[in-house]
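# Topology and contacts: notes
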Amino acid sequence: IIRIKTKRHHSIGNCMVLTDSILIVQHKSKFNTLKNFISSYSFPSLLEFSPKISQFVGSFLVGNKYGLVVSKCLTSSEIYYLRHNLKDSFKLCMIEQNTNNLGAFLLISNKYSISNIRLKKIDIQKIKSYLKVNASIVIHPEWIFNKFNSLMNDRYILTTVPLYRQLNHLISNLSIPLSILALDTCTSMIGLSIVASNRICVTTTIMDRDTIKKLGEFVK
């Protein structure tokens, strides 16, 4: 678990993407603690998303260790920048869905993708193929469930107490081998102040003992 200090403490989820293979930040010069950690362990790769282009990489890019789903908001120069700076084996999945803010409706781990809108069949096929997920799950559109109020990796979904019952019901009915962890927090948008993968958690908040324990379990 890494805690960083930044003036944009409330919106780290908007300006950062973290998977098991890559960390994309808006301005890497502002994240010295992260840079030192990444350089020490060489994992994951670090990519600065040029400040001259999109300021909301956490909203417009959602992915896992195999690739990224890319929002239609990104310009051709932004997409070229990603292709030029990422490994050839790391896929960019351009979907047909006419929605800009991917983070508002899509959660992806190395095994699953969960959406609260009904994606086009071609988009589901692309996500499964490019990002190698085993299951693409659509939940009830009235359930506001996304990367800003929940975090997902290959073993857990970390969410808030109000959403716990809905998610537990969903996972139980679908027989998905994921456990639900609930944070008792004053904010419903935990994904704005925490980003996490299977092994690393980055946060800007001062946490109590119970929160540290659950985050430690999440990335264990």
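Everything discussed here concerns the structure shown above.
Overview of the structure. (Residues numbered from 1 in each chain as written. Predicted model: local features only at pLDDT ≥ 70, side-chain atom pairs only at ≥ 80, totals over all residues. Heavy atoms only, no water.)

## Here's the deal with the sheet that holds strand β8 (residues 106-108)
The three strands lie next to each other as β8-β9-β10, forming an open sheet whose pairing is mixed. Whereas interior strands pair on both sides, the edge strands pair on one side only; in this sheet they are β8 and β10 (135-138). Geometrically, the sheet is characterised by an average inter-axis angle of 15° between neighbouring strands, direction not taken into account. Two strands pair when backbone bridges link them, and strand β9 (residues 112-115) and β10 are joined in this way by four bridges, in the parallel orientation. In the sheet register, S115 faces β10, and the bridge partner there is V138. (Pairing = 2+ DSSP bridges. Helix = DSSP H or I, 4+ residues; strand = E, 2+ residues; numbered from the N terminus. Axes fitted to C-alpha atoms, helices over the stretch in contact; angles between N-to-C directions.)

## Focus: the layout of surface pockets
Gaps left between atoms are located by rolling a probe of water-molecule size over the structure's atoms. By volume, the largest pocket is sized at about 280 Å³. With three residues, the single largest contributor to the lining of the largest pocket is strand β4 (residues 45-48). Class assignment of the residues belonging to the lining of the largest pocket gives a composition of seven nonpolar, four polar and four charged. In this structure, the second largest pocket encloses a volume near 200 Å³. Surrounding the second largest pocket, 13 residues form its lining, T185, T205, I206, M207 and T211 being those nearest its centre. Looking at side-chain class alone, the lining of the second largest pocket contains six nonpolar, five polar and two charged residues. (1 Å grid on protein atoms, 1.4 Å probe; cavity = no way out; pocket = protein on both sides within 12 Å on 5 of 7 lines; lining within 4 Å. Points joined across faces, edges and corners; volume = space filled by probe spheres on them. Nonpolar A, V, L, I, M, F, W, Y, C, P; charged D, E, K, R; others polar.)

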